[in-house]
Structures are given as C-alpha cells and as structure tokens.
Amino acid sequence: MNKVSKVFTLALISTLLMSTTTVWGAALSVDSIKGSDDQLLTNVTSLAGIGDFDNQNGLAALASFRNPTSTAIMPDGSILVSDTRNHVIRKLKDGQVTAFAGVTVDVDAKGFPLGGRYDGKVDTSFFQEPMGLGLDGKGNVYVADAGNNAIRKIDTNGNVTTLAGTGIIGIADGAGSEATFHRPSDVAVKSDGTVYVADTLNHLIRSISPTGQVTTLNALSGRLIEVTPGQVVQAGDYLDSSILVSKFNEPTGLALDSKGNLFVSDSGNQRIRYIDFQLNQVTTVAGNNRYDPQGALYGETDLYIPGDYLDGPADKALFNAPQGIAVTGEGGLVIADSLNHSIRYLNQGKVTTLAGATNLRGGESDGVDRGASFKNPADVTVAADGTILIADAFNNKVRKVSPYQLPADLPKDNTIKVAYESNWIQFDAQPEIVNDRTMVPVRIIAETLGYTVKFNDADRSLQLTKDGLGIELYVDKTGVKRIVEGLVAPLKETDVAPYIKQDRTYVPVRFFAEEIGLDVQWDNVTRTAILRPKTTIAP
C-alpha cells in the first residue's frame, strides 16, 4: 500500500465511513406521537447481535458480527447485513442469522478473517470489507465492496459478479471492467437500473449505466494537504454549484428520493447535500460549520470540517460525520450521525434527534428515544411500517427504532389516562389535573410498577419501595425524598402536594415516575401521561 492510500484508509477508518439503503416508509412525523420539545417518541430495541466482535450465525440474540455497516430489506422481508470486518453478507430472518454471500478461508496474524476477491456462487465468492448495500426492482443486490475498490452484484440466482472496478485504486471512467474507484462506501439503485456510487476517497459521486458504463458526475477536489512532513494527499472540498463543478469531501451515504434525485451524506463536510438531476444543481439541505469565523471552511491542514451537534433549522444544524441515510414516505431523511452516536431526522427544513443518548457518548442501552444509546451507528434503513433499522457498527449489532404506540385499548374520550409502555393503567378512581400536574391514585400505579406502599400516620408520609429504592412523599406537603439502600437524599422540592380524596391518596405522577427513573411524556391529543423506562440492558 502506498503512503497516500494508507493515509486515506486511516482517515476512512477514523470516521467509520459506512453505507445506506433507501426504502420507503410511513409518514414518521405524522404517525408518531410527540412529547416535550417536539421529541418524536420512539423505542430502541436490539434485533441481532450479542455485541461480541466475532462471526457466529444462529439465534439472532446470540449471533455476532464484526462492524456491521449496512442493512437492506429484501422483497421477502428478510434483512441483509453487510458484515464488513468479516468480509461477508449475512441474512436475518425469523430470528435467525445465516450466511447470504461470501466466505473466508484464512485469518491474519491476530486471528481476524481475511477477505479476497472472487466472483462465483454466493457460497464460493469473496469480498473485501463490503459496505453499502442496494437493491433494484428485481431483487438483485448491489454491494460497495470497499476493500476491493469495486461494485459487486448478487443476482437472484445466487451469482456474484463484478459490475465495475478492477480492484486497483484509481479514478478512471469507462466500461465496468476498466473503471477504477477508491474505497467506494455506498450505492443507490435508480428505477431505470442506474447505480450511483459514493466513491468516498476520490470525493466523487459516480454513476454506472445499465450497460455498465462508469461516469464521474462532479469535479475533483484539487485541495492538497500535507498530513505529515513530505506526505501530501488530495483532500475533499466543498462547493455547491452545477453538478459538473460541485465538490464533496468523503461522501459516504446515498439515498434516492421519489423524484429520482439523490441525497448525499457528505461526511467530511458535516453536511447533507442534494443532487437535483432535473435542475443540474447540487445544494446543501442540512448542516453548517460552527468554526468558520473568517468564512474559510478549512484550515491549511484540515482534512475535514470539525463536527458538532445542534438540532434546529436545517441550515444551522450541526453533524459529526453523518453517514448512512434513508428517505421516509413523507420525504424526510433519516441520518446515522455516527460520531454523535445518534439517529437524526431532516424533515420540512428542520433537523431533530430521533434516538441516541443526550450526552452524545457511545453506549449500547436499549430504551426510549434519548435514553437509548448507540456506538458509531453507520447506516439506516426505513421499512414500510416506519420502523428504522440501524447498523450499529461499533456495538456489532443490528438495532431497531420503532415509533411509540399508545395502548390499543386506550379509551377515546376526554378523561385523563396513564399508559405504562403500551399498557393502559386502569384506576379505581379517576386521575385528574391539578395546577397543570397529573394526579393519580398512588396504590394502583405503584403496584403496577412493582412497588409496595406504606403510609405513616405520624408524619402522614407515603413510602414506595422496591429493590432497595424508596420514594417518600407527604400528604398536603410539597417535596419528595429518594432513598437508596437506606441512604436518604435531601428533600427535592415539588410544586404540588399529594392529597386524599374519596379515600384515595393522589400523587403527582411525574415527580414519582421521574424519581424512579422513568421517562414521562404528555400526549395532549389523547390526554395521556406516558411512562416508559428510559433504558434497558440490550441483550
């Protein structure tokens, strides 16, 4: 490997450049329930992977991957997973993980699988760090075979062929067998059979015609950076303009919209770009640069624009190495914001966060939207029902983000209701709102959550206890205490006090639920307080 290609490869690994798949989905912002701060309520669960950096098929919860970087949904509903560091494509169906394409027969000095390049049947072919996956209307699968600098095709008869690329790093256009790429990381397939390629380390968007002709769509960067003394590399650049003169910096994700135009996750520029083929223009649809006081995007030695995090208007939103992207049925764009360890959503000129820990640190907890955590999510795929699949690369898992659903038996009336996860809690006395707080009979909600209730006549206190955790409230007095293993925390002020009504003791559901670690949201449409565990341990 020459010095230039080695530097580029290290740059690629450092930002975990992965892939995407475009699948149509439900109207996410319309069909989902919104909580406080317009947060779309979602649940994050694990579909496959125990988390080990390994290569085991079998039961999904016990299977293992090595940096899964892309997912795609087949016509039969099975899920393909690009298992990059195992150099294979896996399949998830009916709770089982099996081989789909690619084999390995040797390992390196550390015992990790070695890839290769060989066309043939799926069970005799070889890949080298496969990344982005795409499907055409016939069910053929296209693979951005990054380590082989090639685009491969798996047809419906189980044959693997090389669509374009010689295996040698380069930038040549031409017939498929003559063209060259540099670590392509994603593909998107148009309805007419055209395959678009994110040619990541060439900083280019390429197209492959149905006849196999490879064409470069945008301009070369031309920006040279001395990364170490005597080592000069061609870095990416940024320019919105006509397609032919536009510039990108390590584009990593592609997604076609309903018009046949192309969204591009421009990872090194911390932006989402849009190629309008009808207008022949490239524009920026989301992302900005907080570190740009003089108007210059890059310093003299900057390979990338620095990443950051901010929700809000699309032209002010901030990302940190955005990668896989997918279009929803309402025309929004789901984004795997890899180094923010979050799943973001661009819709109607606004960027919001669908899921990922509020501290923006990597983790592997399942749970509710901002209570769950990821570690370098690399790709997103939107299913027809609005479910979002996540290739959670550094957790070696396939995860799922689902819109929260209210209980099916929730009464459709104007009464105050309480839901725990997707279960309606039925009380023997009606909950009510006092001073904008939802008040509920304490015994039923406590027992529903597994807590025991004791009342102390001397100080008129209520103690709710479970597994060493206690919550103490006081009738007709504001304030709440948290008791853990006998240690009493200072009194925490509240703005409403418990009270007795019709022989029932009412408590403010929010203060109680939040003290025991639940997420509390209010759905004004159905007048429902929604309680959910913030995090669960992913299997």
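My aim in this report is to walk through the structure given alongside it, one point at a time. Remember, predicted model here, so these are calculated numbers, not experimental data. (Residues numbered from 1 in each chain as written. Predicted model: local features only at pLDDT ≥ 70, side-chain atom pairs only at ≥ 80, totals over all residues. Heavy atoms only, no water.)

### A few points about the nonpolar core
Selection criterion: The definition of a nonpolar core used throughout is a set of buried Ala, Val, Leu, Ile, Met, Phe, Trp, Tyr and Cys residues joined through side-chain atoms within 4.5 Å. Categorising residues by exposure relies on relative accessible area from a 1.4 Å probe, with only protein chains included: less than 20% of the type maximum marks a residue as buried, more than 50% marks it as exposed, and the intermediate range marks it as partly exposed. Comment: elements are numbered from the N terminus, with helices defined as DSSP H or I runs of at least four residues and strands as E runs of at least two.
With 26 residues, the main nonpolar core has Val418, Ile445, Leu449, Leu464, Ile516 and Leu531 as its most contacted residues. Every element with two or more residues in this core is listed here: strand 32 (417-420), helix 3 (442-448), strand 37 (461-466), strand 38 (469-474), helix 4 (509-515), strand 43 (518-523) and strand 44 (528-533). One finds Ala326, Leu354, Ala355 and Val382 within the second-largest nonpolar core, a separate group that totals 17 residues.

### Let's talk about the pattern of salt bridges
What counts here: Salt bridge, as used here, is a side-chain nitrogen of Lys or Arg placed within 4 Å of a carboxyl oxygen of Asp or Glu.
A full pass over the atoms with the stated rule returns 24 salt bridges. A salt bridge links Asp199 to Arg206; the shortest N-O distance between them is 2.6 Å. With relative accessibility at 0%, the residue Arg206 sits in the buried group. Among the ionic pairs, Arg399 bridges to Asp366, the shortest N-O distance being 2.9 Å. Pair noted here: Arg399 is in strand 31 (residues 397-403) and Asp366 is in strand 28 (residues 366-368), with a separation of 33 residues, a long-range link. Given the relative accessible area of 0%, Arg399 is considered buried. Among the charged side chains, a network of salt bridges with common partners joins Asp119, Asp145 and Arg152.

### Observations regarding the sheet that holds strand 26 (residues 342-347)
The line we're drawing: Strands pair, by our definition, only if DSSP identifies at least two bridges between them.
On the basis of which strands lie adjacent, the open sheet formed by 5 strands has the order 23-27-26-25-24 and antiparallel pairing. Of all strands in the sheet, those with a lone pairing partner are strand 23 (312-313) and strand 24 (322-327), marking the two edges. Examined bridge by bridge, strand 23 and strand 27 (residues 350-355) share 2 bridges and lie antiparallel to one another. In the strand pairing of strand 27, Pro313 is matched with Lys350.

### Observations regarding the packing of aromatic side chains
Put simply, the test is: Aromatic rings from Phe, Tyr and Trp, taking only the six-membered ring of Trp, are treated as a pair when their centres fall within 6.5 Å; an angle between ring planes under 30 degrees marks them as stacked, one over 60 as edge-to-face, and anything in between as tilted.
This structure, assessed with the given rule, holds 5 aromatic pairs. Ring centres of Phe53 and Phe112 lie 5.4 Å apart, and the angle between their planes is 90°; this geometry places the pair in the edge-to-face category. Pair noted here: Phe53 is in the loop between strand 1 (42-48) and strand 2 (58-59) and Phe112 is in the loop between strand 6 (96-101) and strand 7 (120-121), with a separation of 59 residues, a long-range link. With 5.2 Å between their ring centres and 15° between their planes, Tyr196 and Phe277 make a pair best called stacked. Here Phe277 lies in the loop between strand 21 (271-276) and strand 22 (281-286) and Tyr196 lies in strand 14 (residues 195-199), a separation of 81 residues in the sequence.

### Examining the layout of surface pockets
Regions of empty space are outlined by a rolling probe, equal in size to a water molecule, passed over the atoms. We apply this condition: Within this scheme a cavity is a closed region of a 1 Å grid, computed over the protein atoms alone, that accommodates a 1.4 Å probe without allowing it to escape, whereas a pocket is open but has protein on both sides within 12 Å along at least five of seven lines; lining residues each have an atom within 4 Å of a point. Grid points are joined across faces, edges and corners, and a volume is the space filled by probe spheres set on the points. Side-chain classes follow a simple rule in which Ala, Val, Leu, Ile, Met, Phe, Trp, Tyr, Cys and Pro form the nonpolar group, Asp, Glu, Lys and Arg form the charged group, and the remainder, Gly included, forms the polar group.
Approximately 340 Å³ is the volume found for the second largest pocket. Mapped onto the lining of the second largest pocket, the elements with two or more residues apiece are strand 27 and strand 43. Per-element tally for the lining of the second largest pocket: the top contributor is strand 27, with 4 residues. Broken down by class, the residue content of the lining of the second largest pocket amounts to 3 nonpolar, 8 polar and 8 charged.

### Section: the pairing of strand 8 (residues 130-135)
Most of strand 8 sits inside the fold, with 6 of its 6 residues counted as buried. For strand 8 and strand 9 (residues 141-145), the ladder comprises 4 bridges, and the chain directions are antiparallel. Looking at the pairing, Pro130 lines up with Asp145 of strand 9. Taking the residues between adjacent antiparallel strands as the criterion, strand 8 and strand 9 are bridged by 5 residues, where Gly139 takes a positive phi near 95°.

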